[in-house]
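Summary of structural features
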Amino acid sequence: MIAAILVLLFTSLTVGAASTEATRGMVATVHPVATEAGLRVLKEGGNAIDATVAVALTLGVVDGVNSGIGGGCFMLIHRADGSLVAIDGREMAPAAATADMFVRNSKADSRLSQTGPLASGTPGALAVYEFAVEHYGKRKLSELILPAAELADKGIVLDASYARNLKGMAAEMGQFSSSRAVFFKKGRPLARGDALKQPDLAATYRSIAGQGSDWFYRGPFAQAVEQWMKRNGGILTAEDFRNYKVSLREPVLSSYRGYTIVGFPPPSSGGVHVAQMLNILEHFNLPSLGEVERLHVMAEAMKLAFADRAYWMGDPDFVKVPRGLMDRYYAGMLAGRISREHVTQVAGHGTPPDWETDVFKKHTTHFSVADADGNWVACTATINTSFGSKAVIPGTGVVMNNQMDDFSIQPGVRNYFGLIGDHANAVAPGKRPLSSMSPTLVLKNGQPIIAIGAAGGPKIISQVVLELVCLLDLGMSPAEALAQPRIHHQWSPNQLMIEKTLPGRVQVGLVRRGHKLKKLPPMGVSQVVARSPDGKGFAGAADPRAGGNAAGW
Ligand code: DON
């Protein structure tokens, strides 16, 4: 009965889905207050980069469960002059980190990589926001951060989803008095309808407004982190903060049915594997296939790509990541392994061409700066799992990330998202953990037409591919594309995860092809801004699975 109601509810979302359209600009985020903050910046003359940063800093206040300056981000920009910029603000492992830092009595202990002081890398998000605004924005960081500080002071009323999240994490967060001080009242986590006031975070934002990111990376914040870490058995130091640098990387370009796909390079695995999956899928005429066959082929492409991810992918500043993973000939070979009738057994990774010599470069440092309108930004930010390490640095309101869990903490040991990895993604000092975040831009005749990305760990990559196929192959609008039931295969474990809303006949068809289905609640949260059908304005949509919205003017 409940299942039937859910299906009906979701069907009505699918049918009723309409994208927001506007002519002068568009913002799509997971929270209406953040969308509004971004839109206000656009209306007041800021550009898309300024608006992105205002959104990010606002999300740190209203949606601190997912992101904040205690975490990292990838920002992908198409500037009006046609140049493309990928700013890597991924966390870096502390200088004292070691490959076996999470191993106790020969066994990896995921509690240590997921909760508490050892779980955090040096956060990079704020460094990116400052860098982006200084180089590509029209406004000052201080102007963009102060309204968010005000909001933190004023407080927000917890909605059902925030309260649920907090309740789910309460046992772990309750271990830290600094976290209790922010998120608990009378010894219990704040509940729906309670006010969450964050005066410490407001003060942190105001200090950054006054002193820039130096306050964070080279001043009181870095020192506060070091003190707290020392007292609690952590290894992050003020020196780690001083040494943090954003990395300007070369976006990865590939083509899909005549469109240019611009992805984020390693240490994101997103750009490479979105391109690899699309390269494989180009060998199939997707619109001509029925839904079962289309999803089957897509699941097989995901499986092949994730087998490669587990072996090859890591921080290119430390290990050789083959560019051949995106090679069209290699994709053709992988496509040849896919049967339209039955699942293929994939024992392990493939061997891309020139894997020893043709590798992603260490980061480049050149960039050009100009000011222009008409920029497109896809930015994904995270503190990793809900409330990151669960620990707030005392007196700052900043929740620290648990991004160390995105490393392979021991070969074959699954991380929070069930991913396994190998040597390429082992912990090392100063190394960036492999990510699935996939901010992606699509260009047509050199002009941007889509900015897309998602949350959801490895399901990010699958979502982006599913949605691009909906948008580019099946001609759906952004809202329609986001409303489709999702599937996800990450090679290991060997199962096809599906949303329960996937129609029964499709599920049966996939089982007939040999898939082991694992039914899950809604998977991931995506946001899209696209060109409107007339080619002049914008169409945007936020994921119906979450409470966000798209708004334009
Ligand atoms: O970088 C990654 O791949 C993960 N830390 C992303 C985490 C995430 O998407 C959490 N959201 N549900």
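In this text, all values refer to a predicted model and were calculated from it rather than measured experimentally. (Residues numbered from 1 in each chain as written. Predicted model: local features only at pLDDT ≥ 70, side-chain atom pairs only at ≥ 80, totals over all residues. Heavy atoms only, no water.)

1. Concerning the pattern of salt bridges
For the structure on display, the rule yields 23 salt bridges. Of the charged contacts in the structure, one is a salt bridge between Arg-505 and Glu-291, with a shortest N-O distance of 3.3 Å. Residue Arg-505 is found in helix H18 (residues 504-512), and its partner Glu-291 is found in helix H14 (residues 291-312); the two are separated by 214 residues along the sequence. Classification of Glu-291 by relative accessible area gives partly exposed; the value is 23%. Here Glu-293 makes a salt bridge to Arg-340, at a shortest N to O gap of 2.5 Å. Residue Glu-293 is located in helix H14, and its partner Arg-340 is located in the loop between helix H15 (328-336) and strand E14 (376-382); the two are separated by 47 residues in the primary sequence. We classify Glu-293 as buried; its relative accessible area is 16%. (Salt bridge = Lys/Arg side-chain N within 4 Å of Asp/Glu carboxyl O. Helix = DSSP H or I, 4+ residues; strand = E, 2+ residues; numbered from the N terminus. Buried < 20%, exposed > 50% of the residue type's maximum accessible area, 1.4 Å probe, protein only.)

2. Regarding the environment of Arg-486
With respect to the element layout, Arg-486 can be found in the loop between helix H17 (478-483) and strand E19 (487-488). Linking Arg-486 and Leu-520, residues 34 residues apart in sequence, is a C-alpha distance of 9.8 Å. Not counting residues within four places of it along the chain, the set of residues in contact with Arg-486 comprises Gln-463, Leu-466, Glu-467, Met-497, Ile-498, Glu-499, Met-523, Gly-524, Val-525, Ser-526, Asp-543 and Arg-545. Among the polar contacts made by the side chain of Arg-486, one reaches the side chain of Glu-467 at a distance of 3.0 Å. Only 3.0 Å separates the side chain of Arg-486 from the backbone oxygen of Met-523, close enough to count as a polar contact. (Contact = heavy atoms within 4.5 Å. Polar contact = N/O pair within 3.5 Å; in protein donor to acceptor, adjacent residues only side chain to side chain.)

3. Details of the pairing of strand E12 (residues 252-256)
Here E12 shows a buried face lined by Val-252, Ser-254 and Tyr-256 and an unburied face lined by Leu-253 and Ser-255. Here E12 runs beside strand E13 (residues 259-263); their pairing, made up of 5 bridges, is antiparallel. Across the sheet, residue Val-252 finds its bridge partner in E13, namely Gly-263. In this antiparallel pair of consecutive strands, E12 and E13, the connection spans 2 residues, and Arg-257 shows a positive phi of 50°. (Pairing = 2+ DSSP bridges.)

4. Considering the side chain of Ser-526
Assignment of secondary structure puts Ser-526 in strand E22 (residues 525-531). Judged by relative accessible area, Ser-526 falls into the buried class, the value being 0%. Among the polar contacts listed, one links the side chain of Ser-526 to the side chain of Gln-463, at a separation of 2.8 Å. What Ser-526 contacts, discounting residues up to four positions off in sequence, is Gly-453, Ala-454, Gln-463, Glu-467, Leu-482, Arg-486, Ala-542 and Asp-543.

5. Focus: the site of the ligand
In the vicinity of the ligand there are 13 residues, among which Asn-384, Gln-403, Asp-406, Ser-435 and Ser-436 approach most closely. In this structure, Arg-90 approaches the ligand through a side-chain N or O atom, which is 3.0 Å from an oxygen atom. The contact in question runs from a nitrogen atom of the ligand to an N or O atom on the side chain of Asp-406, over 2.6 Å. The fraction of the free accessible surface of the ligand (340 Å²) that becomes covered by protein chains is 87%. Counted by class, the shell around the ligand contains 4 nonpolar, 7 polar and 2 charged residues. (Near = heavy atom within 4 Å. Areas by Shrake-Rupley, 256 points an atom, 1.4 Å probe, with all protein chains shown as cover. Nonpolar A, V, L, I, M, F, W, Y, C, P; charged D, E, K, R; others polar.)

6. Considering the packing of helix H3 (residues 48-62) against helix H6 (residues 141-154)
Where H3 contacts H6, the axes come no closer than 9 Å and their chain directions differ by 25°. One finds that H3 runs roughly parallel with respect to H6. As H3 runs across H6, the sense of the crossing is right-handed. Counting all contacts with H3, which are made through Asp-50, Val-53, Ala-54, Leu-57, Thr-58, Val-61 and Val-62, the residues of H6 involved are Leu-141, Leu-144, Ile-145, Ala-148, Leu-151 and Ala-152. Considering only residue class, the contact of H3 with H6 consists of 11 nonpolar, 1 polar and 1 charged. (Axes fitted to C-alpha atoms, helices over the stretch in contact; angles between N-to-C directions. Parallel < 35°, antiparallel > 145°, perpendicular 65-115°, else oblique. Left-handed = near helix turned anticlockwise from the far one by under 90°.)

7. A closer look at helix H11 (residues 220-232)
In this model, H11 (13 residues) spans 18 Å end to end at C-alpha, consistent with the 18 Å of a helix rising 1.5 Å per residue. Of the residues making up H11, those classed as buried are Phe-221, Ala-222, Val-225, Trp-228 and Met-229. The buried residues of H11 occupy one face: seen down the axis, they fall within an arc of 130°. Away from its buried face, by an angle of more than 90 degrees, H11 presents the exposed residues Gln-227, Lys-230 and Arg-231. Against helix H8 (177-183), helix H10 (214-217), helix H12 (238-243), strand E15 (392-393) and strand E16 (398-399) lie the buried residues of H11. Gly-233 occupies a position one or two residues after H11 and carries a positive phi of about 85°. (Expected span 1.5 Å × (residues − 1). Arc of directions from axis to C-beta.)

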